[in-house]
Amino acid sequence: MTTGKVKFAIVGMGHIGKRHAKMIEDNPDAELIAVCDVRPPEETGWNNAGVPYFSDFTEMLNGMDGCDVVNICTPNGLHASQATAALERKKHVVIEKPMALSRADGEKIIFKALQVSRHVFVVMQNRYSPPSAWLKEVIEKNIAGKIYFVQLNCFWNRDDRYYLNNGWHGTAEMDGGTLFTQFSHFIDMLYWLFGDITDIKAGFNDFAHQHSTDFEDSGSVIFRFVNGGMGNINFSTAVWDRNLESTMTIIGEKGTIKVSGQYMNEVTECNIKGYDMPELPPSNPPNDYGYYKGSAANHQYVIDNVIQTLQERTYVTTNALEGLKVVDIIERIYQQK
């Protein structure tokens, strides 16, 4: 059990890394003791001279005896090796989504974590939004009855402003694909609410990004849930100018639910036999990166969950096995190419 302030270090000081830093600095039970990026501080925009800034990850790990947790906010392709290296030094790890780019790499992280008795937290921030928490309760209590059909639509804008401004985005080795980088937290929602999928069939196309990415920008996936019912995922980053929507439609034995908005932040349909939906608290706004919007800004809940878990006041909200299952599902979808 950790007593006193939980000491964090961050590797990767892009948009998300700086967001982690702000949440750590804003939390009275947390302390940021080091950050790391291969780029210099003037390039990443990091200006807190009171926190040591490393350009080499191994050097940072070597110089941080007092550190409890390492937050990994680097390109996707580095997550597995850096998480394993931090675990080898007996640090807990927080891994930005996706946990890894293959099930095999995800399993290596879990194996190392079990070996050294350390926690792995995977960032899946959509779970913390009020509509998500409400949906989880509705499904767990079987309020809508048997689930017949679930449709997930993710239609976002990710154009040259995004891909050509981010060196690693769009590469097969570091990015991994649209489902890994853009939509893995929506796949997580499917898994979290309804369980694993099977009988996957999928088609893909690269309409608007042939010059800027190594992979598809659009796809359609159909499947069956292991727990019963069927579903599909339609996704695209070829939407012109700005995000269109992320929606989940659930058709159940006793009713219908639709959660909509740019990042599933509002309930637009709830028609369930004998059920009155409660009033939900407002969702947080999306992460705003200037010319494009991300998912809901819920990282403060992630940091809080890490602290509460290490102080033995709660348990991990998104554990390593759930993170692994999301990677496994995406990998099986991509095997349909």
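As the structure is a computational prediction, the values presented were derived from the model and not from experiment. (Residues numbered from 1 in each chain as written. Predicted model: local features only at pLDDT ≥ 70, side-chain atom pairs only at ≥ 80, totals over all residues. Heavy atoms only, no water.)

*Asks:* What's the story with the overall build of the protein in this structure? I'm lost.
*Replies:* In terms of helices and strands, the protein carries 11 helices and 15 strands. Taking 337 residues into account, the globule formula puts the C-alpha radius of gyration at 20 Å, and the protein, at 20 Å, falls close to it. Expressed as lengths along the three principal axes of its C-alpha atoms, the size of the protein is roughly 55 × 50 × 35 Å. Taken over 337 residues, the protein has a buried fraction of 55%. Pairs at least 24 apart in sequence give 68% of the contacts found in the protein among residues at least 6 apart. Of the accessible surface of the protein, which amounts to about 14600 Å², a share of 49% is contributed by carbon and sulfur atoms. Each charge sign in the protein was given a centre, from 31 positive and 41 negative side chains, and these centres are 5 Å apart. (Helix = DSSP H or I, 4+ residues; strand = E, 2+ residues; numbered from the N terminus. Rg over C-alpha atoms; globule rule 2.2 N^0.38 Å. Buried < 20%, exposed > 50% of the residue type's maximum accessible area, 1.4 Å probe, protein only. Contact = heavy atoms within 4.5 Å. Areas by Shrake-Rupley, 256 points an atom, 1.4 Å probe, with all protein chains shown as cover. Lys, Arg positive; Asp, Glu negative; His and termini not counted. Charge placed at Lys NZ, Arg CZ, Asp CG, Glu CD.)

*Asks:* What am I meant to see in the sheet that holds strand β13 (residues 266-272) here?
*Replies:* Strands belonging to one sheet form pairs held by backbone hydrogen bonds; the direction of such a pair is parallel or antiparallel. Strand order in the open sheet formed by seven strands is β8-β9-β10-β7-β11-β12-β13, and the pairing between neighbours is mixed. What marks the edges here is a single partner per strand, and that holds for β8 (197-205) and β13. Neighbour-to-neighbour, the strand axes of this sheet turn through a mean angle of 5 degrees, independent of strand direction. Here helix α11 (residues 320-334) sits on the sheet and contacts β8, β9 (218-225) and β10 (230-236); the angle it forms with β8, its principal contact strand, is near 55 degrees. (Pairing = 2+ DSSP bridges. Axes fitted to C-alpha atoms, helices over the stretch in contact; angles between N-to-C directions.)

*Asks:* Would you mind showing me how to read the nonpolar core here?
*Replies:* As a rule of thumb, soluble globular proteins bury nonpolar side chains together. Phe194 and Met248 are the most contacted members of the largest nonpolar core, which has 69 residues in total. When sequence neighbours within four positions are dropped, the list of residues in contact with Met248 reads Leu135, Val150, Gln151, Leu152, Met189, Leu190, Leu193, Phe194, Ile257, Lys258, Val259 and Met264. Counting residues in each nonpolar core, the second largest holds 25 residues, with Val35, Val51, Phe121 and Val123 among its members. (Core = buried A, V, L, I, M, F, W, Y, C linked by side-chain atoms within 4.5 Å.)

*Asks:* What should I look at first to understand the pattern of salt bridges in this one?
*Replies:* A side chain of one charge can pair with a side chain of the opposite charge if their charged atoms are brought near each other. If you walk through the whole model with that rule in mind, you get 17 salt bridges. With a closest N to O distance of 2.8 Å, Arg161 and Asp159 form a salt bridge. Note that Asp196 is salt-bridged to Lys325, the shortest N-O span being 2.7 Å. Within this pair, whereas Asp196 is found in the loop between α9 (184-194) and β8, its partner Lys325 is found in helix α11, the two being separated by 129 residues in sequence. As far as the burial class goes, Asp196 and Lys325 line up, both buried. Salt bridges sharing common partners tie together Arg103, Glu107, Asp196, Lys325, Asp328 and Arg332. (Salt bridge = Lys/Arg side-chain N within 4 Å of Asp/Glu carboxyl O.)

*Asks:* What is the right way to read the pairing of β10 from this model?
*Replies:* Looking along a regular strand, one sees side chains alternate from face to face of the sheet. Within β10, six of the seven residues are buried, which leaves the element mostly enclosed by the surrounding structure. Bridge analysis of strand β7 (residues 147-155) against β10 gives seven bridges, and the strand direction is parallel. Residue pairing in the sheet places Gln151 in a bridge with Asn232 of β10. Of the pairings in the sheet, the one linking β9 to β10 comprises seven bridges and is antiparallel in character. Paired with Arg224 across the strands is Met230, a residue of β10. Turn length for the β9-β10 hairpin, with the two strands adjacent in sequence and antiparallel, is four residues, and the turn residue Gly228 shows positive phi of about 110 degrees.

*Asks:* Can you walk me through the packing of aromatic side chains in this structure?
*Replies:* Each aromatic ring pair is specified by the distance between its two centres and by the angle formed by the two planes. Per the counting criterion, the structure on display carries 11 aromatic pairs. Centroid distance Phe183 to Phe235: 6.1 Å. Interplanar angle 65 degrees. Geometry classified as edge-to-face. Here Phe183, found in the loop between α8 (178-181) and α9, pairs with Phe235, found in strand β10; they are 52 residues apart in sequence, far enough to count as distant. Take Phe183: its relative accessible area is 1%, and that puts it in the buried class. Classification of Phe235 as buried rests on a relative accessible area of 2%. Judged by centre distance (5.2 Å) and plane angle (80 degrees), the rings of Phe223 and Phe225 are edge-to-face. Looking at Phe225, the relative accessible area reads 4%, which means it is buried. Grouped by ring-pair contacts, the aromatic residues Trp156, Phe180, Phe183, Phe186, Phe204, Phe235 and Tyr334 constitute a single cluster. Residue placement shows Lys337 over the ring face of Tyr334; its charged tip is 4.3 Å from the ring centre. (Phe/Tyr/Trp six-rings, centres within 6.5 Å; stacked < 30°, edge-to-face > 60°. Lys NZ or Arg CZ within 6 Å of the ring centre and 35° of its normal.)

*Asks:* What should I look at first to understand the side chain of Lys136 in this one?
*Replies:* Take Lys136: it is sitting in helix α6 (residues 130-140). Using a relative accessible area of 19% as the deciding quantity, one classes Lys136 as buried. With residues near it in sequence (within four places) discarded, Lys136 still touches Trp192 and Leu193.

*Asks:* Can you help me understand the packing of α9 against α11 in this one?
*Replies:* Helix-helix packing is characterised by the crossing angle of the two axes and by the distance between the axes. Remark: α9 packs on α11, axes separated minimally by 9 Å, with the N-to-C direction vectors making an angle of 110 degrees. Here α9 is positioned roughly perpendicular relative to α11, judged by the angle of their axes. Of α11, the residues touching α9 (which contributes Ser184, Ile187, Asp188, Tyr191 and Trp192) are Glu322, Lys325, Val326, Ile329, Ile330 and Ile333. Here the contact of α9 with α11 is built from residues that sort into seven nonpolar, one polar and three charged. (Parallel < 35°, antiparallel > 145°, perpendicular 65-115°, else oblique. Nonpolar A, V, L, I, M, F, W, Y, C, P; charged D, E, K, R; others polar.)

*Asks:* Even after reading the chapter, I still don't get the pairing of strand β5 (residues 92-95), so can you show me in this structure?
*Replies:* Neither face of β5 is left uncovered, since the one carrying His92 and Val94 and the one carrying Val93 and Ile95 both have all their residues buried. By the bridge criterion, three bridges tie β5 to strand β6 (residues 120-122) in an arrangement that is parallel. Counted as the bridge partner of Ile95 is Val122 from β6.

Worth remembering: the numbers are spatial, not functional.
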